[in-house]
Amino acid sequence: MLRGINLGNWFEPEGYMFHFKDGPQGPREIEDLTKELIGPEKAEIFWHQWRDSYITQADLDLLKKDGFNSVRVPIHWKFFATDDAEGFRLLDRLVEWARKDGIYVIIDLHCAPGGQTGTNIDDSWGYPWLYSSQQAQTQTAEVWRRIAAHYKDEPTVLGYDLLNEPVPHYPQLKQFNKDLEPVYRKLAAAIRSVDPNHVLILGGAQWDSNFKVFSPPFDSNVMYTFHKYWTATDTSVIRDYLDFRDKYHVPIWLGESGENNDAWIGAFTKTLEENHVGWCFWPYKKMDAASSVVSFDRPAHWDAIVTFAALACGSGNAEKRIAARPPQDDIDAAFDDLLQKIQFDHKRVNDGYLHALGLTPGGQ
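Since the model is a prediction, treat every value here as computed from it, not as a measurement. (Residues numbered from 1 in each chain as written. Predicted model: local features only at pLDDT ≥ 70, side-chain atom pairs only at ≥ 80, totals over all residues. Heavy atoms only, no water.)

Enquirer: Before we go on, may I ask you to explain the overall build of the protein chain in this structure?
Expert: The helix and strand tally for the protein chain stands at 13 helices and 11 strands. A compact globule built from 364 residues should have a C-alpha radius of gyration of about 21 Å, and the protein chain, at 20 Å, falls within 12% of that. Taking the principal axes of the C-alpha coordinates as reference, the protein chain spans close to 60 × 50 × 40 Å. Of all intrachain contacts in the protein chain linking residues separated by at least 6 positions in sequence, the fraction that spans at least 24 positions is 74%. Side-chain charges of the protein chain comprise 37 positive and 52 negative groups, with the mean position of each set lying 3 Å from the other. (Helix = DSSP H or I, 4+ residues; strand = E, 2+ residues; numbered from the N terminus. Rg over C-alpha atoms; globule rule 2.2 N^0.38 Å. Contact = heavy atoms within 4.5 Å. Lys, Arg positive; Asp, Glu negative; His and termini not counted. Charge placed at Lys NZ, Arg CZ, Asp CG, Glu CD.)

Enquirer: Can you walk me through the sheet that holds strand 1 (residues 3-6) in this structure?
Expert: Pairing between sheet strands relies on hydrogen bonds along the backbone, with the strands arranged either parallel or antiparallel. An order of 1-2-3-4-5-6-7-8 is seen for the 8 strands of this closed barrel, with the pairing classed as parallel. On average, each strand axis in the sheet is inclined to that of its neighbour by 25°, with strand direction left out of account. Bridge analysis of strand 7 (residues 252-257) against strand 8 (residues 278-281) gives 2 bridges, and the strand direction is parallel. Looking at the pairing, L254 lines up with W279 of strand 8. Packing against the sheet, helix 9 (residues 262-274) makes contact with strand 1, strand 6 (222-228), strand 7 and strand 8, and its axis sits at approximately 155° to strand 8. (Pairing = 2+ DSSP bridges. Axes fitted to C-alpha atoms, helices over the stretch in contact; angles between N-to-C directions.)

Enquirer: I keep staring at unusual backbone geometry and nothing clicks. Help me out?
Expert: Most peptide bonds adopt trans geometry, and most residues besides glycine take a negative phi value. Residue P283 is bonded to the preceding W282 through a cis peptide linkage, with omega at -15°. Note that P283 resides in the loop between strand 8 and strand 9 (285-287). Backbone geometry at Q206 places phi at a positive 55°, although glycine is not the residue there. Its location among the elements puts Q206 in helix 7 (residues 205-208).

Enquirer: How should the packing of helix 3 (residues 57-66) against helix 4 (residues 86-101) be read in this particular structure?
Expert: The relative placement of two packed helices is expressed as an angle between their axes plus a distance between the axes. At a minimum axis distance of 9 Å, the contact between helix 3 and helix 4 shows a crossing angle of 30°. Judged by the inter-axis angle, helix 3 sits roughly parallel to helix 4. In the crossing of helix 3 with helix 4, the sense of the turn from one axis to the other is right-handed. In contact with Q57, L60, D61 and K64 of helix 3, helix 4 contributes L94, W97, A98, K100 and D101. (Parallel < 35°, antiparallel > 145°, perpendicular 65-115°, else oblique. Left-handed = near helix turned anticlockwise from the far one by under 90°.)

Enquirer: In this structure, what is going on with the pattern of salt bridges? I would like to understand it.
Expert: Between side chains of opposite charge, a pair can form when the charged atoms approach closely. Considering all chains together, one arrives at 31 salt bridges under this definition. A salt bridge links E181 to R185; the shortest N-O distance between them is 3.4 Å. A residue pair is termed a helical-turn pair when its members lie 3 or 4 positions apart in one helix, as E181 and R185 do in helix 6 (residues 177-192) at 4 residues. With relative accessibility at 39%, the residue R185 sits in the partly exposed group. Across the pair R348 and D297 runs a salt bridge whose closest N-O atoms are separated by 2.7 Å. Residue R348 is located in strand 11 (residues 348-349), and its partner D297 is located in the loop between strand 10 (294-296) and helix 10 (302-309); the two are separated by 51 residues in the primary sequence. Among the residues examined, R348 registers a relative accessible area of 34% and is labelled partly exposed. When salt bridges with common partners are traced through the structure, they connect R72, D108, D161 and E256 into a single cluster. (Salt bridge = Lys/Arg side-chain N within 4 Å of Asp/Glu carboxyl O. Buried < 20%, exposed > 50% of the residue type's maximum accessible area, 1.4 Å probe, protein only.)

Enquirer: When you look at helix 1 (residues 27-38) in this model, what are you seeing that I'm missing?
Expert: The α-helix winds at 3.6 residues per turn, so residues separated by three or four positions along the chain end up facing the same way. Compared with an ideal rise of 1.5 Å per residue, which puts 12 residues at 16 Å, helix 1 spans 16 Å between its outermost C-alpha atoms and is within 8% of the ideal. Turning to helix 1, its buried residues are P27, I30, E31, L33, T34, L37 and I38. Viewed along the axis of helix 1, the buried residues span an arc of 155°, placing them on a single side of the element. Structurally, helix 1 contributes buried residues whose contacts are with helix 2 (40-53), strand 2 (70-76), helix 10, helix 11 (318-324) and helix 12 (328-341). G39 lies just past helix 1 and shows a positive phi near 95°. (Expected span 1.5 Å × (residues − 1). Arc of directions from axis to C-beta.)

This is the structure in structure tokens:
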């Protein structure tokens, strides 16, 4: 039984986790904001330090003590574009820590070339070009081939989640439902050309909710994943997935859920456990929030950064944005403090969240 947590906001920052309610949401937009506020050179250094510090060995050790046995790692393809890319250094380090703690690692392609959703979560250009661009599909397949070749003999890596939440529920995009499984087959073929060992994990269309797009399993080592947020918590909401599991005799897995109060999380976890469905809630760490395993305080001057981030962006608004900038000393202090706040020593464990998952903080 997989009991896991997502290491979100590490490789793929999301605006809501920075409290940018009306500001930048996707990784590229957030990176552009930091370039505007602290300059391109310091921004590049900042994000390297962010990725180096956000998840550490101490975090994995804590998850082990809390009772988790797996982590899902959302990745951005750009960090795995070459054999010696930064992503491999960071992921290799994580796998080493996980191996020591007996924790499985699931690699999740959250941001694919071209974009599988057209929204902020895949850092795309406002449209899911992956399904109609042969170049993007070839590039995505090559990213997965490279990752699979690197981890083909690593048993700590449980499997590969090929595309996170493909094809939103927007009516105009359902035309791509028919293209999803053919894309999966291309990605699977690239992986299987170098790696016969690892589990392929396939998510349904409409944010990993629609399994009707699937034909019978096309690989002998495959698992199907669904995501559920803000629904009822009883068995009715997972009945279609249970039926799919029984029909094809394949494992199913909840790859994401959460972002709710402890009572909802507790009730849904109970439903999953009663139906023998492994789970991986979202996320491990957040700023100033209780709906995560750990949280950390807002940095100094952060509210001023949030206010500025909400202004209309674009070079046409430069005069207004320059006039509204917080003092540069405050900006620099905010981002310096953010790098301090994400350090493990500044964490605050949310005991209620862990109890809702049926786990015991610190294993006590």
